Amino acid sequence: MCCEQPFNTSRVRPSFKKATVTDSDFCIHYKAVNPDYYVVRVCPYCGFSFSESFSESMTAKHKSDYYEKLGRSWNALDLTGERGWNEALQSYKLALLCAQIKGEKDRVIAGLLHHIAWMYRYKGNKEQESRFLQFALDAYVRVYEVEGTDVNNARLMYLIGELNRRLGNYHKAVLWFGRVINDKSIMDAAMIRASREQWVQTREDMLAAQMELPEEMKQGSS
């Protein structure tokens, strides 16, 4: 897309995609090979990194900005073959930088931030996972503010609710789940059902968090 050099990149064969569990924010855990490691394509020649969600063209200004900010220091790293966790994380962070330089839509940037949070979840790094979930949440809210009338509105609203729940913003989570449940124009039965389930879960989380507070803080917050 940037230097216009052709290159091959690896993908996981469908027969090797064996999911074990899917988290409530759509993060899939896999038995063996993780296809998420190969979502980002990294050009070995110029380093420009992108996913299928990126817009398909680059202006001369985009290319100039990329080379100035990142491309000139590219060290010909080859991430086109088999990837482990470190290579996958590196590819996502490169794609995030490229998306920001190229001015991709907030929806694309939110997806990359969310995937980076999942990468840290796979490793059990709660601190970094929460950090990137917050970045993703902020980006999803911007998407809602700009593209709020989109067809996939229910899924977006559900995600905003779920990320708020995971970050401990329980009152905001309840409000977002409630929007999905109560909006008569939403016909997405799966998202309505998921929002009801997570609304109940959020209430339980709130009670559990309240139980953990010191007595004086409980009195102050009631």
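Residues numbered from 1 in each chain as written. Predicted model: local features only at pLDDT ≥ 70, side-chain atom pairs only at ≥ 80, totals over all residues. Heavy atoms only, no water.

S.K.: With reference to specific residues and values, describe the overall build of the chain.
M.R.: When its secondary structure is counted, the chain shows eight helices and four strands. Scanning the chain from its N terminus toward the C terminus, one meets helices and strands in the order β-β-β-β-α-α-α-α-α-α-α-α. Summarising its shape, the C-alpha atoms of the chain cover approximately 60 × 40 × 35 Å along the three principal directions. Out of the 222 residues belonging to the chain, those deemed buried represent 44%. Here the analysis covers contacts within the chain between residues at least 6 apart in sequence; of these, 65% occur between residues at least 24 apart. Summing over all exposed atoms, the chain offers an accessible surface of approximately 12700 Å²; the carbon and sulfur share of this is 50%. Here the chain contributes 30 positive and 28 negative side-chain charges, whose respective centroids are spaced 3 Å apart. (Helix = DSSP H or I, 4+ residues; strand = E, 2+ residues; numbered from the N terminus. Buried < 20%, exposed > 50% of the residue type's maximum accessible area, 1.4 Å probe, protein only. Contact = heavy atoms within 4.5 Å. Areas by Shrake-Rupley, 256 points an atom, 1.4 Å probe, with all protein chains shown as cover. Lys, Arg positive; Asp, Glu negative; His and termini not counted. Charge placed at Lys NZ, Arg CZ, Asp CG, Glu CD.)

S.K.: Mind laying out the nonpolar core, listing which residues take part and the relevant values?
M.R.: Side chains of nonpolar character tend, in soluble globular proteins, to be buried together. In terms of nonpolar packing, the biggest core is built from 60 residues, with Phe-48, Phe-54, Tyr-66, Leu-112 and Tyr-140 touching the most fellow members. Sorting the residues of this core by element identifies helix H2 (85-102), helix H3 (106-122), helix H4 (126-147), helix H5 (153-166), helix H6 (170-182) and helix H7 (189-212) as the ones contributing at least two each. (Core = buried A, V, L, I, M, F, W, Y, C linked by side-chain atoms within 4.5 Å.)

S.K.: Before we move on, could you go through the packing of aromatic side chains and cite the residues and values that matter?
M.R.: Per the stated rule, a full pass over the model turns up 10 aromatic pairs. With a centroid separation of 5.8 Å and 25 degrees between ring planes, the pair formed by Tyr-120 and Phe-132 is classed as stacked. Here the residue Tyr-120 occupies a position in helix H3, and Phe-132 occupies one in helix H4, the gap between them amounting to 12 residues. For the pair Tyr-120 and Phe-132, a shared accessibility class is recorded, and that class is buried. With centroids separated by 5.4 Å and ring planes inclined at 85 degrees, the aromatic side chains of Phe-132 and Phe-135 adopt a geometry described as edge-to-face. (Phe/Tyr/Trp six-rings, centres within 6.5 Å; stacked < 30°, edge-to-face > 60°.)

S.K.: Tell me about the environment of His-115, and please be specific about residues and values.
M.R.: Relative to the assigned elements, His-115 resides in helix H3. Expressed as a C-alpha distance, the spacing of His-115 and Phe-132, which sit 17 residues apart in the sequence, is 8.7 Å. His-115 has contacts with Asp-36 and Tyr-92, leaving out every residue within four places of it along the chain.

S.K.: Would you mind going over H6 in detail, with residue names and values included?
M.R.: Count 3.6 residues to each turn of an α-helix, and residues three or four apart come out pointing the same way. Between the first and last C-alpha of H6 there are 18 Å, a value that for 13 residues agrees with the 18 Å anticipated at 1.5 Å per step. By the burial criterion, the buried members of H6 are Ala-173, Val-174, Trp-176, Phe-177, Gly-178 and Val-180. Check the buried side of H6 and you find it contacts H4, H5 and H7. (Expected span 1.5 Å × (residues − 1).)

S.K.: I'd like to hear about the packing of H2 against H3, residue by residue, with values.
M.R.: Contact geometry of H2 with H3 gives a least axis separation of 10 Å together with a crossing angle of 160 degrees. Relative to H3, the element H2 is oriented roughly antiparallel. Here the hand of the crossing between H2 and H3 comes out left-handed. Residues Trp-85, Ala-88, Leu-89, Tyr-92, Lys-93, Ala-95, Leu-96, Ala-99 and Gln-100 of H2 touch H3, and the partners they reach there are Ile-109, Leu-112, Leu-113, His-115, Ile-116, Met-119, Tyr-120 and Tyr-122. Of the residues in the contact of H2 with H3, the class split is 14 nonpolar, two polar and one charged. (Axes fitted to C-alpha atoms, helices over the stretch in contact; angles between N-to-C directions. Parallel < 35°, antiparallel > 145°, perpendicular 65-115°, else oblique. Left-handed = near helix turned anticlockwise from the far one by under 90°. Nonpolar A, V, L, I, M, F, W, Y, C, P; charged D, E, K, R; others polar.)

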